[in-house]
Amino acid sequence: MKIVYTLLFTALAFINCEQAPSENTENTHTVSKEKKTEEITTKNKTEVIDEHTLSNYNEVASKHLDLDLEVNFETKSISGVVTHTIENKTNADKIVFDTKYLIIDKVLLNGSEIATYKLAPLDELLGSALEVNIKEDTKTVSIYYSTTEKTEALDWLVPSQTANKTSPFMYTQGQSIFSRSWIPLQDTPELRITYAAQIKVPKGMLAVMSANNPVQKNDEGVYKFEMTQSIPCYLLALAVGDLEFKALDDRTGVYAEPAMLESSAYELADMGKMVDAAEQLYGPYQWERFDVIVLPPSFPFGGMENPRITFATPTIIAGDRSLVSLIAHELAHSWSGNLVTNATWNDFWLNEGFTVYFERRIMEEIEGKDYADMLALLGFQDLERTLKELPPNFQKLRLNLTGFHPDDAMTDVAYEKGYFFLRLIEEKVGREKFDLFLKEYFDVHKFQTITTDQFLAYLDEKLLKPTNTKLNIDEWVNQPGLPENCPKIDAVLFDNVEKQIALYKVDYDPSVLKTDKWSTHEWLHFLRHLDNSISKDQMAELDAKFNLTNSGNSEIAAIWFEKSINVNYRGIDNALKAFLNRVGRRKFLKPLYEALAKTPEGLERGREIFKASKDNYHYVSSNTIEKILGLK
Ligand code: BES
Ligand code: ZN
C-alpha cells in the first residue's frame, strides 16, 4: 500500500509542480520569485535564473577555485580548504555559497582576515546556504571544511567492492547538483570556473581529476592538478584508488585498477578514432587529452563526461567492444555540455539531446550508417516506453523543475526526444547545412552557457530563416508527447531479427531461431520483443538454448532479467541476485526493481536483495531504489 501511495504522491506532485512547490523548497521558490521581478536585461541577454542554487552568483561570482584537500579513508571524509577568487559585480556585502551536509570550520578573507558567516538551516533539496560577509577589497574567500557521512556526491568503497580487492576506492559524482556536497561553491551550470588542486591521499593510491592528470603513483601521495579552461562546477571530479594508466595513442588512454586495465584497454582501443571522427564533424577537440577511467561497478551511471577524464562503468567492458557507443557519447559532451553548457537544468536537453545526436554521428563514421540506425531505433523504443510512464510535464524538452531535484527529470525525453528533434531539423535542411550550423554553433558559444530560448533564436536566425524552413518547434519543445513528424527509423540490420521474431512467435520453438552472427544490438532488439504472453516454460527453453541468464553482456542480461521477472521465470533467481548485488548502475537497477515491485512477493524479494546490496550502490542509485521499494 505504501508503495502505491508513494507512487501516486509522486505522480501528483509531478503534475502539480507548477502550482505547488513542496514545503522544503518554499524558501527557494520565494527567492526566485523576487529575483524574477528584477530580471535585468543586459545588452542582448536576459539574465538567467537558476532555481537550483541558493548562491548569489549573479551579484558576486566565484571565478577560480584553489583546493587543498586530504582524502581520508578511515573517517570516509574529505577535508581541507577551498579558496575562491571572486568577482564582485554589484559591490555586494556578502557572498552566498551552496553547501550540503558539510561541516564548516572557519572562513578567511584575503588569506588571513577572519570572516563572519552564517550557515542557513538545511533545505532537503538544495542544501544550506553559506553566507559570508565580504568587504570592498575582498579578493579571495577561503573556506575550511570537511565532508560528512551524508555527503551525497561521494562513494567510499572498501577493498571487497573493487576489482583488485586490495585497496579502498573513492569517487565523486557532481552532476546535477551534488558538487555542493563535497565542496562549498556556487553550484550552478550558469557559472564557469577554473581550478587548481592539491590532493593528499594514502600512500599507494593515485588521484585523478577533471584536469591534467598524473600517469603514475608517487611516494608522498600528494598530487597536483590544474584546469585552466573554464568549466561549470558540476564537472569538478575526483577519483582515488589503486589505479594504473595505459596509453592508447598520443592523446587517449585508460585508467583502471590493475585487474581491469588490460581488458579496458582492449575494449576502448578505438577511442582515438572516435576523437578524430568527432573533430572532423564539429571542429577541434578543445580539452587536450581524452582519457577514460573505468570505475568499480557501483558507479551509478554508464558514463560521466568529466573533462579530460570520462568516468565510466565497468559494465561496458563486454569483451567484444559492442557497448562503446557510450564512450562516443561522453566524448561528444566535450562539445555539447562541456564547451556549450545548459544554462539551467531546465535546459538539460541542450546537453543530452545534442550529445545523443553527435554520438550517433560519431558511430556512423566509425561503424557505418546501418549500425547508427540500430542505435537510433533502440533509442526510439526507449523513448516510447518512457513516454508511457512519465507525467505530461516531464515529456517536454523545456522543463520546469521548480521544487524538483533535477535528477528526477533527467529522462529519455532530453536524450531521445532531443535527438529526434535535431534529426528532424537535419532531415529538413539537409545534412550539409546542418553540420555547418552545428560546427558554428559550438564555435560561437564555446566556454559559454545557453538557454533553450537562446538556442531557438540562434537556430531561427542562422538556419531556419535562411533556408525558409518551417517547423512545429513549439510542439517539440513545449508540449508533451511526440509530434507526428518525428523521423521514422528504418534499421535494415533489424529486418532479419524481425523475421526471426515472427517465425519464433508461431509456436515459440527456439530451435527455429538463427542467431549465429547476432550482435549485442540484434539480441536487444529480439529480447525487447518478448512480451508478457510468453510463458515461464518458453523462457526456460530459450534460456536452455542461449544461456541468456549467464550472459556476460550487461545490457543483454538486464533486459533478459526484466522479461523473466515479468513472467515469473525463476531460472534467473541466483544470477539476478548476484547482478543486483554487484552492479550499481541506475539504468539497470531501476527497471529491475520496478519489475520486482509489481507483485507483493517480488517487492519482498526486491527489499531483501536491496538490503543486502545497498552498500554497493552510490547514493544516486540507492535513493531512486528506496523510492521504488516504498522505503522512503
Ligand atoms: N551526463 C550524463 C550522466 C548524468 C546525467 C549524470 C544526469 C547526472 C545527471 C552522461 O553523459 C550520460 O548521459 N550517461 C548515460 C550514457 C548514455 C550513453 C546515454 C548513462 O549513464 O547511461
Ligand atoms: Zn550524456
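Residues numbered from 1 in each chain as written. Chains lettered and ligands numbered in written order. Predicted model: local features only at pLDDT ≥ 70, side-chain atom pairs only at ≥ 80, totals over all residues. Heavy atoms only, no water.

**Some details on unusual backbone geometry**
The cut-off we apply is this: Strands are runs of DSSP state E lasting at least two residues, helices are runs of H or I lasting at least four, and both sets are numbered from the N terminus onward.
Residue Gln175 is joined to Ser176 through a cis peptide bond whose omega torsion reads 0 degrees. When you line up the elements, Ser176 lands in the loop between strand S10 (169-172) and strand S11 (192-200). Unlike most non-glycine residues, Tyr101 shows phi in positive territory, near 55 degrees. With respect to the secondary-structure elements, Tyr101 resides in the loop between strand S3 (94-99) and strand S4 (102-109).

**Structural notes on the site of ligand 1**
Under the convention used in this document: Throughout, the term near means that a residue has one or more heavy atoms lying within 4 Å of the molecule or strand in question. For this analysis, a polar contact is any N or O atom pair within 3.5 Å, provided that within protein one partner can donate a hydrogen and the other can accept it, and provided that sequence-adjacent residues contribute only side-chain to side-chain pairs. The Shrake-Rupley method, run with a 1.4 Å probe, gives the accessible areas here. Residue values count only the displayed protein chains as cover. Gly is placed with the polar residues, together with every amino acid not listed as nonpolar (Ala, Val, Leu, Ile, Met, Phe, Trp, Tyr, Cys and Pro) or charged (Asp, Glu, Lys and Arg).
If you check the shell around ligand 1, you find 17 residues, and the closest are Gln175, Gly302, Glu305, Glu330 and Tyr415. Side-chain polar atom of Glu352 to a nitrogen atom of ligand 1: 3.1 Å apart, as the coordinates give it. For ligand 1, whose unbound accessible area comes to 520 Å², protein coverage reaches 88%. Breaking the shell around ligand 1 down by element, the ones donating at least two residues are strand S18 (303-304), helix H5 (325-332) and helix H6 (348-367). Of all the elements, H5 adds the most residues to the shell around ligand 1, at three residues. Looking at the shell around ligand 1 residue by residue, the classes come out as six nonpolar, six polar and five charged.

**As for the nonpolar core**
What counts is decided by this rule: In this text, buried Ala, Val, Leu, Ile, Met, Phe, Trp, Tyr and Cys residues form a nonpolar core when linked through side-chain atoms within 4.5 Å. Think of it in three bands: with a 1.4 Å probe and only protein chains considered, a residue is buried below 20% of the maximum accessible area for its type, exposed above 50%, and partly exposed in between. In what follows, a contact means two residues having at least one pair of non-hydrogen atoms within 4.5 Å.
In terms of nonpolar packing, the biggest core is built from 205 residues, with Phe455, Phe526 and Tyr593 touching the most fellow members. What Phe526 contacts, discounting residues up to four positions off in sequence, is Val497, Ile501, Tyr504, Leu513, Trp518 and Leu542.

**A look at the coordination of the zinc ion (ligand 2)**
Selection criterion: Sodium, potassium and calcium take a 3.2 Å donor cutoff, other metals 2.8 Å, and in both cases only N, O and S atoms count; water is not among them, so sites may look incomplete. Every geometry call rests on angle ranges, with four donors termed tetrahedral when all angles are between 85 and 135 degrees, four termed square planar and six termed octahedral when opposite donors are over 155 degrees apart and all others are between 65 and 115, and everything else termed irregular.
On the protein side, the zinc ion (ligand 2) has His329 (NE2), His333 (NE2), Glu352 (OE) and Glu352 (OE) as donor atoms, found 2.0 to 2.7 Å from it. Considering all six donor atoms around the zinc ion (ligand 2), angles at the metal cover 53 to 159 degrees and the coordination shape is irregular. The sequence pattern formed by the donor residues of the zinc ion (ligand 2) is H-x3-H-x18-E. In this pair, His329 is assigned in helix H5 and Glu352 in helix H6, connecting sequence segments 23 residues apart. A residue is classified by how much of its surface remains accessible, and Glu352, at 2% relative accessible area, is buried.

**A few points about the packing of aromatic side chains**
We count it as follows: Note on aromatic contacts: the rings of Phe and Tyr and the six-membered ring of Trp form a pair at centre separations within 6.5 Å, being stacked when their planes are under 30 degrees apart, edge-to-face when over 60 apart, and tilted otherwise. Put simply, a charge is over a ring when the Lys NZ or the Arg CZ is close to the ring centre, within 6 Å, and near the line of the ring normal, within 35 degrees.
Under the criterion given, the structure shown has 45 aromatic pairs. Judged by centre distance (5.5 Å) and plane angle (75 degrees), the ring pair of Tyr171 and Phe299 falls under edge-to-face. In this pair, Tyr171 sits in strand S10 while Phe299 sits in the loop between strand S17 (290-294) and S18, placing the two residues 128 residues apart along the sequence. The residue whose ring lies beneath Lys106 is Tyr144, and the NZ or CZ to ring-centre distance is 4.5 Å. It is Arg321 that lies over the ring of Tyr266; its NZ or CZ is 3.8 Å from the centre.

**Details of the domain arrangement of the protein chain**
Inclusion rule: How far each domain reaches was decided by an automatic or database domain assignment. The quantity reported as buried area is the accessible area (1.4 Å probe) lost by two parts once they are put together, taken as the sum for both. Whenever Lys or Arg places a side-chain nitrogen within 4 Å of a carboxyl oxygen from Asp or Glu, that contact is recorded as a salt bridge.
Each assigned domain of the protein chain is listed here: domain 1 (11-15 + 336-478), domain 2 (51-147 + 168-238) and domain 3 (493-628). Computed over C-alpha atoms only, the centres of domain 1 and domain 3 are separated by 29 Å. A buried area of about 1,100 Å², summed over both sides, lies between domain 1 and domain 3, and 54% of it is on carbon and sulfur atoms. It is Met374, Leu378 and Arg385 that lose the most area in domain 1 upon contact with domain 3, and together they represent 47% of the buried surface on that side. Seen at the junction of domain 1 and domain 3, the total is three salt bridges.

**A short note on the sheet that holds strand S9 (residues 154-157)**
The condition is simple: Here, a strand pair is defined by DSSP locating no fewer than two bridges between the strands. Whenever a helix is involved, its axis is fitted only over the stretch in contact; in every case the axis is a line through C-alpha atoms, and angles between N-to-C directions fall within 0 to 180 degrees.
The strand order across the open sheet built from four strands is S9-S10-S14-S12, with neighbouring strands paired in antiparallel fashion. Bordering the open sheet on either side are S9 and strand S12 (206-209), each of which pairs with just one other strand. Between one strand axis and the next, the sheet turns by 10 degrees as a mean value, whatever way the strands run.

**Some details on the sheet that holds S3**
As summarised here, the arrangement of the three strands in space is S3-S7-S6, forming an open sheet in which the pairing is antiparallel. Unpaired on one side and paired on the other, S3 and strand S6 (117-119) mark the two borders of the sheet. In this sheet, neighbouring strand axes are inclined to one another by 15 degrees on average, regardless of whether the strands run parallel or antiparallel. Inspection of the sheet shows S3 paired to strand S7 (residues 128-133) by six bridges, in the antiparallel sense. Residue pairing across strands places Ile95 opposite Val132, the latter belonging to S7.

**A look at the pairing of S11**
Extensive coverage of S11 is indicated by the burial of seven of its nine residues. Pairing geometry for S11 and strand S13 (residues 222-232), over eight bridges, is antiparallel. Note on S13: the bridge partner recorded for Arg192 is Pro232.

**Section: the pattern of salt bridges**
Should their charged atoms come close, side chains of opposite charge can pair. This model, assessed by the stated rule, comprises 38 salt bridges. Overlapping salt bridges bring together Lys369, Asp373, Arg423 and Glu427 as one network.

**Brief notes about the confidence of the model for the protein chain**
Applicable threshold: Summary of the metric used: pLDDT quantifies the predictor's per-residue confidence within the range 0 to 100.
Predicted confidence across the protein chain gives a mean pLDDT of 93, with 93% of residues reaching 70 or more. Long-range and interchain partners of residues 1-44, a stretch whose pLDDT sits below 50, account for 51 contacts in this model, where long-range means more than four residues apart.

**Observations concerning the environment of Thr449**
Along the chain, Thr449 turns up in strand S21 (residues 448-450). Each C-alpha atom of the pair Thr449 and Ala343 lies 4.9 Å from the other, and the pair is 106 residues apart in sequence.

**Structural notes on H6**
Inclusion rule: Here a helix's expected span is defined as the number of its residues, less one, multiplied by 1.5 Å.
If you check H6, its first and last C-alpha atoms are 28 Å apart, about what 20 residues at 1.5 Å a residue would give, namely 28 Å. Taken across its 20 residues, H6 has 17 buried, putting it largely inside the fold. A positive phi of about 100 degrees marks Gly368, the residue just after H6.

**Focus on the pairing of S10**
Because side chains alternate across S10, one face comprises the buried residues Phe169 and Tyr171, and the other comprises Met170 and Thr172, equally buried. As paired strands, S9 and S10 are joined by four bridges and run antiparallel to one another. Within S10, the position partnered with Leu154 by the bridge is Thr172.

**Observations regarding the side chain of Gln173**
Tracing the sequence through the fold places Gln173 in the loop between S10 and S11. Of the residues examined, Gln173 reaches a relative accessible area of 1% and is grouped as buried. A polar side-chain atom of Gln173 sits 3.0 Å from the main-chain carbonyl oxygen of Gln175. Beyond its immediate sequence surroundings of up to four residues, Gln173 is in contact with Ala153, Phe178, Phe299, Phe301, Met304 and His618.

**A look at the environment of Gly241**
Relative to the helices and strands, Gly241 resides in strand S14 (residues 238-241). Taking the relative accessible area as the measure of exposure, Gly241 reaches 0% and is therefore buried. Taking C-alpha positions, Gly241 is 13 Å from Ser160, a pair spaced 81 residues apart along the chain. Aside from chain neighbours lying at most four places away, what touches Gly241 is Pro168, Phe169, Met205 and Leu206.

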